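Structure assessment
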Amino acid sequence: MRIVVVYGSHKAQGWRDALGAQLREAQIDIWQPGFTEPADFAVGWSPPPRFFIDQPKLRAFFSTGAGVEHVLNNPNLPAELPIIRVEDAGMGEQMVDYCRFEVLRWMQRRDEYAAQQAAGVWKPLDESHREQWPVGIFGLGVLGREVAKAFAADGYPVNAFTRSNTTRDPNVRLFSAVNGADQFAAFMQATRVLMIFAPLTPATQDKFDRHTLRLLPRGAYVINVARGGLIVDEGLLELLDDGHLNGAALDVFRQEPLPAQHRYWTHPKVRMTPHTAAVTPMGPAAKQMAEKLRRYAANQPVTGLVERARGY
Ligand code: GLV
């Protein structure tokens, strides 16, 4: 089996080595412009347009990340090329930690206490409890499901909005858009902390603007660990400014790195991280990918196959 690793950063070598440790039978090269020795499979992230011209014989593309718009947006992506993405591989646990940390910080009023400490003020504030913090998971894929399960086990009321309505977890209150009844508004109204996990597709682009975000109850919070394009920044900022929303924790942005003049950088209610909420762990992901590559090469079914028409 011949594999070509394509990665727009120093991580290409790491992926090559991690895959090589799992697939001793494979020949694995790192793609550079002009590398045209035909490979069977590609593994990588955000291939440059030129890549698919250099590699016309691929049987499948394996995405090292959960999101796949970085491949789908490639102008030279062959229409029929199967795309397979990494599933969880330890990212679910990282997402759980990220969301837990933010919710606890808000629930326990740590920012207010930090401000009080700085001002030398000793003043207990009203406390609240988990049952008063219904969370709302938008997008119940592999990662969203993991977070829903963890928060339900922690004792938070958990709402989830999903397109496909397939999950049957008695601890998760499911809202969906199937069968004509769009329960999106009801989902938002029942949610105190919105957590966004859905992929960026034409159906989710700009989903959260000033109108939809206003469906959240007053004093609600937003966590976005999916893609920046789901949120209309001006809408979110407007609601943070007018007091409808209390805070936002943002890991992803329309443009990354976030431009220096963007208001998020200095907004007192915004906390930012540089797209690090869940970083694909190379070892476990390479192991999973090696298994999928072997199965795929042997014409056996694999999970994580992207449906092009729906965009994930
Ligand atoms: C990261 O953003 C990923 O898609 O895995």
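The written sequence of each chain sets the order in which its residues are numbered from 1. Reporting in this predicted model follows two pLDDT cut-offs: at least 70 for local features of residues, and 80 or more for side-chain atom pairs to be given and counted; totals over whole chains, interfaces and linings ignore these cut-offs and use all residues. Water and hydrogen atoms were dropped before computing side-chain values, which therefore reflect all heavy atoms in the structure.

Next up on the list: the sheet that holds strand S11 (residues 245-250). The strand order S8-S7-S6-S9-S10-S11-S12 describes an open sheet built from 7 strands, whose pairing is parallel. For this open sheet the edge positions go to strand S8 (172-176) and strand S12 (270-272), each flanked by a neighbour on one side alone. For this sheet, the mean angle separating the axes of adjacent strands, direction not counted, is 15 degrees. DSSP-based pairing: two strands are paired if at least 2 bridges between them are found. Put simply, DSSP marks the helices as runs of H or I at least four residues long and the strands as runs of E at least two long, and each gets a number from the N terminus on. The pairing of S11 with S12 spans 3 bridges and is classified as parallel. Convention adopted: a line fitted to C-alpha atoms gives each axis, helices being fitted over their contacting stretch, and angles between N-to-C directions are expressed from 0 to 180 degrees.

Our next topic: unusual backbone geometry. The phi angle of most residues is negative, glycine excepted, and most peptide bonds adopt the trans form. The omega torsion across Glu256 and Pro257 is -5 degrees, close enough to zero to call that bond cis. Tracing the backbone through its elements, the reader meets Pro257 in the loop between S11 and S12. Look at Asp88: it is not a glycine, yet its phi comes out positive at around 60 degrees. Counting through the fold element by element, Asp88 comes out in the loop between strand S5 (83-85) and helix H4 (91-107). Even without being a glycine, Asp206 presents a positive backbone phi close to 60 degrees. Here Asp206 lies in the loop between strand S9 (193-196) and helix H8 (210-213). Throughout, exposure labels follow a simple rule: accessible area from a 1.4 Å probe, protein chains only, divided by the maximum for the residue type, with under 20% read as buried, over 50% as exposed, and the rest as partly exposed. On the accessibility criterion, Asp206 (34% relative accessible area) is partly exposed.

Where each domain starts and ends comes from a domain assignment, either automatic or drawn from a database. In terms of domain boundaries, the protein breaks down into domain 1 (2-89 + 280-297) and domain 2 (91-272). Its C-alpha centre places domain 1 at a distance of 32 Å from the equivalent point of domain 2. Any two residues having at least one pair of non-hydrogen atoms within 4.5 Å are treated as being in contact. Contact residues are listed per partner, giving 10 residues for domain 1 and 9 residues for domain 2. Summed over both partners, the accessible surface that disappears when two parts come together, traced with a 1.4 Å probe, is what is meant by buried area. Between domain 1 and domain 2 the total buried area reaches about 700 Å² when both faces are included, carbon and sulfur atoms providing 54% of it. When the buried area of domain 1 at its contact with domain 2 is split by residue, Ala66, Glu69 and Asp88 rank highest and sum to 65% of it. A pair is scored as a salt bridge if a Lys or Arg side-chain nitrogen falls within 4 Å of a carboxyl oxygen belonging to Asp or Glu. Across the domain 1-domain 2 interface, the total number found is 1 salt bridge. Along the lines of polarity and charge, the residues of the side of domain 1 that touches domain 2 split into 5 nonpolar, 2 polar and 3 charged. Think of it as three bins: nonpolar holds Ala, Val, Leu, Ile, Met, Phe, Trp, Tyr, Cys and Pro, charged holds Asp, Glu, Lys and Arg, and polar takes everything else, Gly as well.

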